[in-house]
Protein chains: 6
Amino acid sequence: MKVLCFGELLLRLSSPGYNRLFQKDSLDATFCGGEANVAVSLSNFGINSEFVTKLPNNDVGMAAEKSLKYFGVNTDKIVYGDGRMGLYYLEKGASQRPSKVIYDRAYSVIAMADKSEFDWNKIFDGVDWFHWTGINPALGDNVAEICELACKAAKSKGIIISCDLNFRKNLWTSKKAQSVMKRLMPYVDVCIANEEDADKVLGIKASDTDVENGELSFSGYKKVAEEICTTYGCEKVAITLRKSYSASRNGWSGLIYDGKTGECVHSTEYDIQIVDRVGGGDSFTAGVIYGIIKRMTDKETVEFAAAASCLKHTVEGDFNRVTVQDVKSLLQNGGNGRVQR
Amino acid sequence: MKVLCFGELLLRLSSPGYNRLFQKDSLDATFCGGEANVAVSLSNFGINSEFVTKLPNNDVGMAAEKSLKYFGVNTDKIVYGDGRMGLYYLEKGASQRPSKVIYDRAYSVIAMADKSEFDWNKIFDGVDWFHWTGINPALGDNVAEICELACKAAKSKGIIISCDLNFRKNLWTSKKAQSVMKRLMPYVDVCIANEEDADKVLGIKASDTDVENGELSFSGYKKVAEEICTTYGCEKVAITLRKSYSASRNGWSGLIYDGKTGECVHSTEYDIQIVDRVGGGDSFTAGVIYGIIKRMTDKETVEFAAAASCLKHTVEGDFNRVTVQDVKSLLQNGGNGRVQR
Amino acid sequence: MKVLCFGELLLRLSSPGYNRLFQKDSLDATFCGGEANVAVSLSNFGINSEFVTKLPNNDVGMAAEKSLKYFGVNTDKIVYGDGRMGLYYLEKGASQRPSKVIYDRAYSVIAMADKSEFDWNKIFDGVDWFHWTGINPALGDNVAEICELACKAAKSKGIIISCDLNFRKNLWTSKKAQSVMKRLMPYVDVCIANEEDADKVLGIKASDTDVENGELSFSGYKKVAEEICTTYGCEKVAITLRKSYSASRNGWSGLIYDGKTGECVHSTEYDIQIVDRVGGGDSFTAGVIYGIIKRMTDKETVEFAAAASCLKHTVEGDFNRVTVQDVKSLLQNGGNGRVQR
Amino acid sequence: MKVLCFGELLLRLSSPGYNRLFQKDSLDATFCGGEANVAVSLSNFGINSEFVTKLPNNDVGMAAEKSLKYFGVNTDKIVYGDGRMGLYYLEKGASQRPSKVIYDRAYSVIAMADKSEFDWNKIFDGVDWFHWTGINPALGDNVAEICELACKAAKSKGIIISCDLNFRKNLWTSKKAQSVMKRLMPYVDVCIANEEDADKVLGIKASDTDVENGELSFSGYKKVAEEICTTYGCEKVAITLRKSYSASRNGWSGLIYDGKTGECVHSTEYDIQIVDRVGGGDSFTAGVIYGIIKRMTDKETVEFAAAASCLKHTVEGDFNRVTVQDVKSLLQNGGNGRVQR
Amino acid sequence: MKVLCFGELLLRLSSPGYNRLFQKDSLDATFCGGEANVAVSLSNFGINSEFVTKLPNNDVGMAAEKSLKYFGVNTDKIVYGDGRMGLYYLEKGASQRPSKVIYDRAYSVIAMADKSEFDWNKIFDGVDWFHWTGINPALGDNVAEICELACKAAKSKGIIISCDLNFRKNLWTSKKAQSVMKRLMPYVDVCIANEEDADKVLGIKASDTDVENGELSFSGYKKVAEEICTTYGCEKVAITLRKSYSASRNGWSGLIYDGKTGECVHSTEYDIQIVDRVGGGDSFTAGVIYGIIKRMTDKETVEFAAAASCLKHTVEGDFNRVTVQDVKSLLQNGGNGRVQR
Amino acid sequence: MKVLCFGELLLRLSSPGYNRLFQKDSLDATFCGGEANVAVSLSNFGINSEFVTKLPNNDVGMAAEKSLKYFGVNTDKIVYGDGRMGLYYLEKGASQRPSKVIYDRAYSVIAMADKSEFDWNKIFDGVDWFHWTGINPALGDNVAEICELACKAAKSKGIIISCDLNFRKNLWTSKKAQSVMKRLMPYVDVCIANEEDADKVLGIKASDTDVENGELSFSGYKKVAEEICTTYGCEKVAITLRKSYSASRNGWSGLIYDGKTGECVHSTEYDIQIVDRVGGGDSFTAGVIYGIIKRMTDKETVEFAAAASCLKHTVEGDFNRVTVQDVKSLLQNGGNGRVQR
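Residues numbered from 1 in each chain as written. Chains lettered and ligands numbered in written order. Predicted model: local features only at pLDDT ≥ 70, side-chain atom pairs only at ≥ 80, totals over all residues. Heavy atoms only, no water.

Asker: Whenever I open this one, the packing of aromatic side chains confuses me. Can you help?
Answerer: What characterises a pair of aromatic rings is the spacing of the ring centres plus the angle enclosed by the ring planes. Here the structure, examined in full by the defined rule, presents 87 aromatic pairs over all chains. Summarising the aromatic geometry, the rings of A:Phe118 and A:Trp120 are spaced 5.7 Å apart at their centres and angled 15° between planes, so their arrangement reads as stacked. Each member of the pair, A:Phe118 as well as A:Trp120, carries the same accessibility label: buried. Plain terms: the ring middles of E:Tyr70 and E:Phe71 are 5.0 Å apart, the flat faces sit at 80° to each other, and that makes the pair edge-to-face. Residue E:Tyr70 shares its accessibility class with E:Phe71, and that shared class is buried. Three or more aromatic residues joined by ring pairs form one cluster here, namely A:Phe6, A:Phe118, A:Trp120, A:Phe124 and A:Phe130. Just above the ring of B:Tyr103 sits the side chain of B:Arg105; from NZ or CZ to the centre is 4.9 Å. (Phe/Tyr/Trp six-rings, centres within 6.5 Å; stacked < 30°, edge-to-face > 60°. Buried < 20%, exposed > 50% of the residue type's maximum accessible area, 1.4 Å probe, protein only. Lys NZ or Arg CZ within 6 Å of the ring centre and 35° of its normal.)

Asker: Even after reading the chapter, I still don't get the sheet that holds strand S2 (residues 10–14) of chain C, so can you show me in this structure?
Answerer: Backbone-to-backbone hydrogen bonds join strands into a sheet, with any given pair of strands oriented parallel or antiparallel. Taken in spatial order, the eight strands line up as S8(C)-S7(C)-S2(C)-S3(C)-S3(E)-S2(E)-S7(E)-S8(E) in an open sheet, and their pairing is mixed. Pairing within the sheet leaves two strands with one partner each, and these edge strands are strand S8 (100–104) of chain C together with strand S8 (100–104) of chain E. Strand-to-strand, the axes of this sheet are offset by a mean angle of 30°, without reference to chain direction. Relative to strand S7 (residues 87–91) of chain C, S2(C) runs parallel, the two sharing four bridges. By the bridge assignment for S7(C), C:Leu11 is matched with C:Leu87. Contacts from helix H2 (residues 59–69) of chain E reach S7 and S8 of chain C together with strand S3 (26–32) of chain E within the one sheet, and its direction differs from that of S3(E) by about 65°. (Pairing = 2+ DSSP bridges. Helix = DSSP H or I, 4+ residues; strand = E, 2+ residues; numbered from the N terminus. Axes fitted to C-alpha atoms, helices over the stretch in contact; angles between N-to-C directions. Contact = heavy atoms within 4.5 Å.)

Asker: Could you clarify how one ought to interpret the interface of chain A and chain B in this entry?
Answerer: A common way to state how big an interface is: give the accessible area lost once the parts meet. Contacts between the two partners involve 29 residues from chain A, matched on the other side by 24 residues from chain B. Where chain A abuts chain B, roughly 2400 Å² becomes buried across the two surfaces, and 46% of that area is made up of carbon and sulfur atoms. Run the count over chain A and chain B and you get two salt bridges. Where B:Asp326 meets A:Arg20, a salt bridge forms, and the shortest distance between an N and an O atom there is 2.9 Å. Summed over the shared surface of chain A and chain B, the number is nine residue pairs in polar contact (both at pLDDT 80 or more). Contributions of two or more residues to the side of chain A that touches chain B are made by strand S8 (100–104) and strand S12 (236–244) of chain A. For the side of chain A that touches chain B, the leading source of residues is S8(A), giving three residues. Each residue belonging to the side of chain A that touches chain B can be placed in one class, and the counts come to nine nonpolar, 10 polar and 10 charged. (Buried area = accessible area lost by both parts, 1.4 Å probe. Salt bridge = Lys/Arg side-chain N within 4 Å of Asp/Glu carboxyl O. Polar contact = N/O pair within 3.5 Å; in protein donor to acceptor, adjacent residues only side chain to side chain. Nonpolar A, V, L, I, M, F, W, Y, C, P; charged D, E, K, R; others polar.)

Asker: Sorry, what's going on with the interface of chain C and chain E here?
Answerer: Across the boundary between the two partners, chain C contributes 25 residues, which contact 25 residues of chain E. Looking only at chain C, the three residues that lose the most surface to chain E are C:Phe22, C:Asp59 and C:Tyr107, adding up to 27% of its buried area. Counting every contact that joins chain C to chain E gives four salt bridges. For E:Lys100, the salt bridge identified is with C:Asp59, shortest N-O distance 2.9 Å. Linking chain C with chain E are seven residue pairs in polar contact (both at pLDDT 80 or more). At the level of elements, S2, strand S3 (26–32), helix H2 (59–69), S7 and S8 of chain C are the ones that each hand at least two residues to the side of chain C that touches chain E. A total of six residues in the side of chain C that touches chain E trace back to one element, the largest contributor, which is S3(C). Classifying every residue of the side of chain C that touches chain E gives 15 nonpolar, three polar and seven charged. With three bridges joining them, S3(C) and S3(E) adopt antiparallel strand pairing. For C:Asp28, the partnering residue across the bridge sits in S3(E) and is E:Ser26.

Asker: Where do I start with the side chain of A:Ser253 in this structure?
Answerer: Residues and elements named next belong to chain A. Topologically, Ser253 is positioned in strand S13 (residues 249–258). Polar side-chain contacts of Ser253 include one of 2.9 Å to the side chain of His266. Residues in contact with Ser253, not counting those within four places in the same chain, are Ile239, Thr240, Leu241, His266, Ser267, Thr268 and Glu269.

Asker: Sorry, what's going on with the relation of the copies chain C and chain E here?
Answerer: Each of the two chain copies goes to the other by way of a rotation about an axis and a shift along it. The transform that puts chain C on chain E rotates by 180° and translates by 0.0 Å along the axis, for an RMSD of 0.0 Å. Seen this way, the second copy is the image of the first under a two-fold rotation axis. Ranked by how close their C-alpha atoms come to the rotation axis, the residues of chain C are headed by C:Leu27, at 2.7 Å. A shared binding surface is used by both copies, with 100% of the interface residues of chain C retained as interface residues in chain E. (Least-squares fit on C-alpha atoms with pLDDT ≥ 70 in both.)

Asker: How do you make sense of the pattern of salt bridges when you look at a structure like this?
Answerer: Opposite charge on two side chains allows them to pair when their charged atoms are near. Overall, the coordinates contain 169 salt bridges over all chains when judged by the stated rule. A salt bridge links D:Lys115 to D:Glu145; the shortest N-O distance between them is 2.8 Å. Here D:Glu145 lies in helix H5 (residues 141–156) and D:Lys115 lies in the loop between strand S8 (100–104) and helix H3 (120–123), a separation of 30 residues in the sequence. Judged by its relative accessible area of 32%, D:Glu145 falls in the partly exposed class. D:Lys200 is paired through a salt bridge with D:Glu196; the nearest N and O atoms lie 3.3 Å apart. Since its relative accessible area comes to 33%, D:Glu196 is described here as partly exposed. Via salt bridges that share partners, A:Arg20, A:Glu91, A:Arg97, A:Lys100, B:Asp326 and D:Asp59 belong to a single interconnected network.

Below, the structure written as structure tokens:
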């Protein structure tokens with residue numbers, strides 16, 4: 001079983017500790033990206049995963065590729081060319097001060113890529129699952145087209161397609177997102193979203209939910225999932241539910257809705273003291289894909305995905321550096337934090 | 001509108017992270033000081049601010065000045081001379097272990113300055129607001145006299161004068177403080193204090209308050225503020241209210257009392273997961289000055305000041321590295337800590 | 001009054017901050033060990049303490065010895081020889097992610113030591129108290145025998161003997177532990193244990209306690225202590241009670257049972273925001289020894305020990321870098337965390 | 001006397017120590033740029049200096065501005081707008097391994113600026129000297145045009161104009177450079193160049209010089225300077241002469257040619273153990289401008305500039321953090337490195 | 001063309017900068033090993049390389065494997081089992097103070113491996129070149145036997161075998177080394193050695209050479225190489241020649257002797273300002289293998305190998321993080337260290 | 001044999017790496033002092049050494065004491081009292097940029113100590129050698145008097161007295177130094193000096209020596225030593241000879257003159273690539289004392305002292321962290337820097 005993820009690999013430049021950006025004269029420098037995070041997490045779970053993107057043909061691009069190889073992610077089909085590495089600056093929040101992301105990903109080598117650079121028939125050779133996110137088409141019409149071509153090729157080969165809606169208001173407007181994504185959604189078998197994505201990307205709003213206040217309604221989200229399945233023919237919809245008490249503490253859980261049975265299961269909710277919450281959603285997605293691949297029940301899957309992504313919040317960096325054993329240990333022992341000797 | 005702050009600029013040598021002093025063989029080295037903190041915060045709010053002090057004429061003094069220039073604080077009138085930089089060692093506390101400050105500010109170049117070194121008529125040219133704190137006169141009778149000369153010069157020019165009582169038991173006794181400060185208070189238009197200052201510096205005690213236990217009484221503080229206004233003719237008194245649950249978690253709010261109307265307004269109380277609490281009071285003071293300069297209502301001012309100083313607690317260092325936009329964002333969105341992308 | 005501790009000195013290699021092991025390419029490198037932690041803590045309390053072990057005769061061993069000298073622990077009787085330093089890798093947990101310890105202490109120079117290398121009659125010259133832990137005999141039958149010889153020599157000289165049961169499942173099985181420790185327990189005057197030690201090491205189970213869920217029963221532990229005293233003739237038994245809410249937050253208290261009077265006193269329970277919990281039990285032991293040496297009542301002793309070890313949790317590293325004054329300050333002021341200026 | 005510098009402010013992301021790029025997962029992050037380096041150096045010499053550029057209106061741009069304010073450089077006329085900060089990655093070389101620069105400055109906010117954004121008549125108010133470099137027009141035709149408008153405005157106000165040719169082969173070809181720079185050179189009063197600039201930017205080649213081999217000919221360079229003065233009417237030409245023995249050790253000197261007298265003076269040559277050589281040329285330029293402003297003789301000027309830039313090579317970062325006193329001390333005492341107590 | 005390397009993967013714990021061991025309380029922690037260094041360097045040259053070893057089945061072992069994957073080295077055939085990771089402590093020298101290595105590799109998981117754990121017929125499937133070093137058999141008779149079985153299997157499949165003699169006096173005596181290695185040498189096609197290896201491992205001494213004084217004789221080494229070829233039937237012998245002026249500066253070159261033609265070619269000698277010299281020999285070996293694989297002439301090969309390993313000395317860590325392009329650039333431009341922009 | 005050193009213990013705050021002071025916002029923080037450096041070095045040589053001073057009774061003073069205990073220096077007789085820790089800021093030089101020391105040691109607790117605080121009869125109990133330096137009396141007349149009392153007490157007990165002249169022009173003038181030191185010199189048995197001390201402190205000038213130019217005359221220094229012995233009755237005079245080529249490279253040697261025989265022996269001269277030269281002279285002094293105690297010949301002593309202090313220059317910090325074995329290894333193998341495995 002091989003999962004291929006496609007998207008942008010970014011350089012994340014984050015202020016060390018709880019300093020504001022450039023308060024110190026160094027930045028932590030790691031590579032990441034919504035789709036790469038999923039590929040890494042799956043590889044850490046023992047799944048054969050591959051990542052495809054376009055990188056600049058210089059030391060930065062090569063270091064980015066190596067950062068994935070480190071986790072055993074297959075990178076053979078990455079395309080290289082002239083251009084720049086997209087990046088973002090991150091300032092980690094604390095208590096009432098929110099984390100802050102400043103994108104510098106415009107004009108990146110992937111955002112300016114041409115569809116001719118990706119031969120999807122070749123790329124999908126031996127692939128069983130294709131994962132992408134709503135960030136891709138937000139990078140530009142060319143990338144949206146590349147995504148569409150990828151989806152078509154995948155569909156024609158019977159590959160399962162999953163998509164995390166992942167709305168980014170700095171990359172495109174809700175209106176633009178809807179015009180593009182409604183066209184791409186019919187290819188999607190497994191849809192992942194958070195509390196605001198469905199609204200912004202698909203125009204499907206959880207009626208009685210107030211995101212800003214962290215008030216989440218399980219029944220409201222079930223209806224959202226149902227509507228997604230009905231409208232776009234998805235098999236499953238998975239949604240993450242985040243209660244933002246502060247930048248230091250979040251409530252975190254997830255749900256999975258099955259389009260055929262209409263059943264919706266909710267995971268345990270974790271009360272998390274946050275180390276680093278960026279990549280939390282991606283780690284949930286990886287958990288969902290893992291559960292489905294391993295033929296877990298939806299309940300098992302959503303518990304696995306919620307536990308895996310709970311652990312992600314306790315680890316530095318975007319990548320979820322946890323193994324299946326780590327996740328199972330949390331599921332079995334609970335999060336009491338006793339030292340493992 | 002130009003605000004001038006006068007006081008000592010100190011070198012803060014703090015143990016990195018949550019290590020005890022000298023547990024590591026390096027110290028974080030930044031510059032700060034009660035009045036400088038206010039100048040920096042105001043400059044970050046876009047207010048034209050200036051800082052006056054005396055610094056040693058060596059690389060340490062020059063680096064101290066540069067640390068203010070970085071924030072755009074005007075430093076043209078800083079006096080240089082032979083002598084040493086005052087400093088303090090800081091060990092940051094956690095949970096039940098309190099933060100610890102060890103002063104090494106005796107014999108500093110400013111503590112040994114002569115009144116002839118400051119030509120207040122020149123210094124106050126173009127200044128609209130003068131801010132100082134009770135730390136100044138605590139440095140020595142010479143500095144107390146310099147302060148008094150400054151107050152007289154400011155008063156004669158119609159400059160608004162604010163003072164943060166800021167009692168420091170390591171610098172002087174309550175008795176000495178009262179003998180000096182009662183002489184200086186009549187110059188003060190806006191008085192800022194915390195829960196113990198009024199008692200120790202002015203002998204005005206909030207009847208039903210137990211500082212050590214963190215039990216704070218709003219009505220008690222209103223009476224304190226009222227008495228300050230009545231006794232010394234202040235226009236406004238602002239008080240910070242800190243509930244010390246532990247070194248890691250504090251409740252934090254403020255109030256403003258108007259001497260003319262007798263009205264007292266209390267801010268929202270923030271439950272803060274602390275990153276660095278030193279400079280918290282100064283950031284509140286800067287918020288109060290900002291609110292008054294911008295002709296906010298007292299309620300708006302105290303909410304702005306409380307929010308600004310809440311954010312200070314989430315940032316490393318004495319300086320409040322937040323903008324008006326950061327404060328407004330907290331006031332509008334609450335402190336839910338959602339990532340700002 | 002001189003306390004001698006015997007055991008292994010280990011190199012602790014811990015991942016910096018909340019990074020997973022080898023996520024960063026550096027490791028914090030400090031020395032520690034259950035018995036050395038007690039010796040250091042006692043020395044910090046002003047007690048004349050000594051540490052005996054065997055170290056490798058290279059720069060690593062010599063640095064280990066120096067790390068104890070730093071705190072004034074007497075190291076004159078440490079034995080040097082060919083061999084390797086035992087070590088362990090530590091990954092600090094956070095929230096639901098537990099701390100993780102990977103031992104690499106097999107084949108260490110002390111684990112392979114011969115009984116002829118320790119002349120206990122000489123070593124115990126001038127010593128009033130001998131402390132060791134259940135880790136020693138777990139290192140191997142040779143070390144168990146060395147321990148027994150030490151106990152015999154100490155007993156014959158009228159030296160008080162304390163032992164922390166300290167079960168380590170990676171070093172030996174519960175069955176093996178019981179077979180060895182039941183032989184050594186009759187030498188012990190003061191026995192220290194945590195919630196699982198008595199069960200695993202002595203086969204004495206607190207009937208109505210569920211360690212994993214953090215449910216602790218005071219009455220259950222009293223019975224355990226009583227049984228230890230009855231069976232092995234101990235004078236006092238001290239037990240630490242940890243409620244593991246998460247890797248970031250623990251409830252922490254202790255109790256002392258007096259074998260003669262049958263009285264059992266429970267300390268204040270601290271709700272701790274954890275900085276570093278490794279060495280927490282050892283710091284409690286040092287507090288108990290200190291209280292007994294200083295002829296405190298059991299209530300005073302357990303409060304001192306609980307407060308001292310509460311502070312340990314707020315300090316980086318295994319060693320408890322707190323003074324008697326620090327502990328008294330917590331006992332008097334509570335853990336409100338007000339800045340000490 | 002006020003010197004205004006115009007150019008791009010860049011974020012420099014350099015690998016710490018002698019690690020290759022991304023060998024460590026952090027990068028040293030400082031701001032710099034050929035023209036900003038000159039402004040900072042002049043301010044450190046006590047000269048009133050100002051810097052004009054366009055910056056992105058986010059935390060990165062604001063931190064960049066603050067990094068100049070730190071040194072007292074006036075930044076009031078900096079323009080802000082939507083866009084990205086230009087940056088470059090730096091890997092510091094050692095011994096036979098050369099330093100490596102990877103530019104990511106395309107599409108930066110200044111490279112995409114419009115001429116209407118800079119009102120040169122206003123900007124040059126009160127300015128006596130205007131400095132720019134050949135990097136500006138290399139950023140794009142729009143910036144070349146902005147440069148030309150600036151030169152015209154400066155000329156019309158009788159402002160002295162200096163230009164460092166600063167050829168960058170990654171930004172434009174020699175051919176393109178010549179076509180643009182030959183148009184701009186007639187405005188230049190003081191021209192600064194290194195061993196390859198005159199050739200690549202102006203097509204003037206030092207006949208008997210082999211740059212790659214570090215063979216430099218004084219007489220050859222005198223002819224180059226003479227030709228520049230003759231062709232473009234410059235008053236003075238200053239040239240840096242670098243002998244690259246290795247990435248760790250360089251020979252370094254400079255010369256100044258006077259267009260009127262035809263005299264050419266050569267400075268002392270320094271044999272430098274390199275700490276950081278980036279910004280070396282800019283620090284020489286600042287020394288030349290300082291010498292001319294202070295009405296030094298050409299010999300005094302070139303010695304001052306060579307000594308100042310020698311010191312730059314011994315300091316981390318692009319900025320030359322040395323004072324006039326530091327330079328004079330080197331000129332008087334030589335570089336014997338005795339400790340200054 | 002696929003090269004397989006077999007050996008021990010070690011954890012290198014080095015004191016940061018030029019501090020003595022444990023002067024700082026952290027250690028730089030990277031993975032390495034004589035054979036792994038070759039595999040990494042070859043992979044960086046674009047050669048398909050694989051590494052086989054036995055690792056402990058815990059987070060340390062898994063991180064070690066990842067450190068190879070990072071460079072694209074194939075690790076599929078690594079064996080996992082209970083045990084410990086071998087390690088060494090490194091203190092980097094400077095000037096007259098030599099670097100110091102303290103081994104703690106006894107009892108490592110590979111040193112205690114059984115021959116049954118390695119199925120060489122499977123392992124060598126698709127392999128063209130097998131590289132090992134004299135460190136392997138020094139780990140113990142079991143590993144020596146594993147090596148012999150590997151050589152036999154390789155030979156039977158027509159795989160080229162290279163061996164770096166790599167004498168380590170802390171692992172075995174010269175006498176023991178000779179008894180074992182003389183048995184294994186007949187399998188070796190390409191032999192690599194340094195100035196003392198041939199003497200200690202094979203008893204072949206360069207007559208007129210004084211290693212301690214750094215006096216190296218080219219003709220002496222030619223004779224050594226000749227004797228190796230004659231005695232053991234090697235096709236080629238490559239020797240590194242190090243002139244140790246100090247811990248900070250070395251002369252470095254290499255030679256290659258061809259067993260058939262009897263020709264011996266000497267490379268350029270580099271005068272190196274050292275960043276990190278550990279792994280220097282391994283990087284030379286990788287260069288030799290690369291040259292032979294790419295069918296370079298011996299002169300080209302030895303120049304490539306010498307240049308590659310010269311660059312290694314300028315990079316932190318054991319691994320040679322340089323590409324073919326980096327090496328060619330040094331060969332073409334010389335080591336003048338001009339900035340590459 | 002027990003050596004007691006008396007002097008000030010200072011906090012050294014040094015800028016990390018080759019950054020200028022406060023270029024980074026942290027400072028390396030270690031303790032040191034001319035006399036403490038000697039005590040530490042002797043303890044590292046296995047000599048029983050003790051240090052006496054007065055320290056502030058706070059965490060800073062206690063950490064300072066611990067820094068000596070770390071090396072096994074006896075600190076039992078250190079006096080504690082109210083006051084401040086003396087400190088100095090250090091910026092490490094490189095190439096032509098000299099190291100820079102900014103003292104902040106005025107008003108330190110020892111500089112304000114009273115003679116009544118030191119009971120020299122008690123302090124010298126069991127002591128065989130007393131070492132102090134010319135820095136002590138430079139701290140103030142009170143400390144000069146304490147020194148004189150110490151010398152008298154030592155003399156009366158037959159204790160050998162050594163003194164390093166150690167002139168510090170920031171602490172006193174040459175004139176003042178001569179007036180005080182000429183009074184104290186008659187107590188001195190072993191006098192240590194560098195090239196400028198004898199001139200500034202005793203008015204004895206090496207006729208044909210030019211310190212600034214690094215021109216040192218062996219015969220000139222022999223005469224200086226001779227005159228010191230003749231005038232003050234010293235038994236031996238040891239002089240360090242430093243050739244300052246740059247801040248990165250020094251020539252270093254020493255000589256010893258015997259007052260009785262009139263023989264003068266010169267050590268090997270080391271060409272040193274400097275890591276940290278502060279404390280170089282103190283490490284030479286410790287070597288001299290060690291040689292005399294161990295009854296080496298003068299030639300052996302001066303070679304040991306020169307080699308020991310050569311190694312000091314290759315180690316970070318003031319303390320000479322080398323053992324007798326390290327020194328002997330340099331003497332035997334020379335400084336070729338071969339890795340010690």
